[in-house]
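Fold and contact review
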Amino acid sequence: MSGYNNILVAIDFSETTGQVIERAMEISSRYDTNLTLMHVVEYSPPMEFAGDLGMTSDWTIDENDLIKGSKKSLQKFAEKYKLSSSPQIVHLGTPKYEITQYAEEGSYDLIIVGSHGRHGLGRLLGSTADGILHHAHCDVLAVRIKE
Ligand code: AMP
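This structure is a prediction, so every number in the text was calculated from the model and none was measured. (Residues numbered from 1 in each chain as written. Predicted model: local features only at pLDDT ≥ 70, side-chain atom pairs only at ≥ 80, totals over all residues. Heavy atoms only, no water.)

1. Re the nonpolar core
Of all hydrophobic cores here, the largest spans 22 residues; its most connected members are Val 9, Ile 21, Leu 37 and Ile 112. Counting only elements with at least two residues in this core, the list comes to β1 (7–10), α1 (17–30), β2 (35–41), α2 (56–80) and β4 (110–114). Excluding its chain neighbours within four sequence positions, the residues that come into contact with Leu 37 are Val 9, Ile 11, Ile 21, Leu 74, Phe 77, Ala 78, Leu 83, Pro 87, Gln 88 and Ile 89. Listed in part, the 14 residues of the second largest apolar core include Leu 8, Val 40, Ile 99 and Tyr 108. (Core = buried A, V, L, I, M, F, W, Y, C linked by side-chain atoms within 4.5 Å. Buried < 20%, exposed > 50% of the residue type's maximum accessible area, 1.4 Å probe, protein only. Helix = DSSP H or I, 4+ residues; strand = E, 2+ residues; numbered from the N terminus. Contact = heavy atoms within 4.5 Å.)

This is the structure we're talking about:
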């Protein structure tokens, strides 16, 4: 089997994330490749703002704050695992779409996710993991989370 050259790991900051990143680090060192860390800020406008174009600018400020906060969290997380030199990506949107689209555009050949994080407790695969598996154009490795 040929190796992997470009690995993307999906980080949701849930309590299962440590298991995901440790496995991703093992795999990246086995293939001697770098990891890119990606977090997607899941956010939609409050209902009362939806469709009210006059409120768009307030919502935009909230979005920017959320992205800034997540970038800081990802940076801290990377420092903790001595991955500060790894690319750190934060997008806003629906995780399964953002992650698979980014992976395709960046020619990643492996996406690593947790079998479940925030949305999948008690299920074999969480909804994000399942969505990534369905939409990805490359291999996907779901790290089995031990509860
Ligand atoms: P879930 O399907 O939400 O239970 O999560 C399964 C896995 O999908 C997590 O362990 C992460 O690897 C990934 N994931 C879920 N939500 C996000 C997110 N917002 N940003 C990045 N990765 C995520």
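2. Quick look at the packing of helix α3 (residues 95–105) against helix α4 (residues 127–135)
Between α3 and α4, the shortest axis-to-axis distance is 9 Å and the interhelical angle comes to 40°. It follows that α3 is oblique to α4 by the angle criterion. Seen from above, α3 lies across α4 with right-handed handedness. Of the residues in α4, those touching α3 at Pro 95, Lys 96, Tyr 97, Ile 99 and Thr 100 are Thr 128, Gly 131, Ile 132 and His 135. Partitioned by chemical class, the residues of the contact of α3 with α4 number four nonpolar, four polar and one charged. (Axes fitted to C-alpha atoms, helices over the stretch in contact; angles between N-to-C directions. Parallel < 35°, antiparallel > 145°, perpendicular 65-115°, else oblique. Left-handed = near helix turned anticlockwise from the far one by under 90°. Nonpolar A, V, L, I, M, F, W, Y, C, P; charged D, E, K, R; others polar.)

3. Details of the confidence of the model for the protein chain
Per-residue confidence for the protein chain gives a mean pLDDT of 87; residues scoring 70 or more make up 83%. Averaged pLDDT values over the elements of the protein chain bottom out at 84 in α2 and peak at 98 in β1. (pLDDT = per-residue confidence, 0-100.)

4. Considering the sheet that holds strand β3 (residues 88–92)
Strand order in the open sheet formed by five strands is β3-β2-β1-β4-β5, with parallel pairing between adjacent strands. Two strands bound the open sheet, and with one partner strand each, they are β3 and β5 (139–143). On average, each strand axis in the sheet is tilted by 25° relative to the strand beside it, whichever way the strands run. Each of β1, β2, β3 and β4 touches α3; the most contacted strand, β2, lies at about 150° to it. Against the sheet, α4 makes contact with β4 and β5, and its axis sits at roughly 160° relative to β4, the strand it touches most. (Pairing = 2+ DSSP bridges.)

5. A look at the environment of Leu 74
If you trace the backbone, Leu 74 turns up in helix α2. Of the residues examined, Leu 74 reaches a relative accessible area of 0% and is grouped as buried. Each residue touching Leu 74, except ones within four places of it in the same chain, is listed here: Ile 11, Phe 13, Leu 37, His 39, Gln 88, Ile 89 and Val 90.

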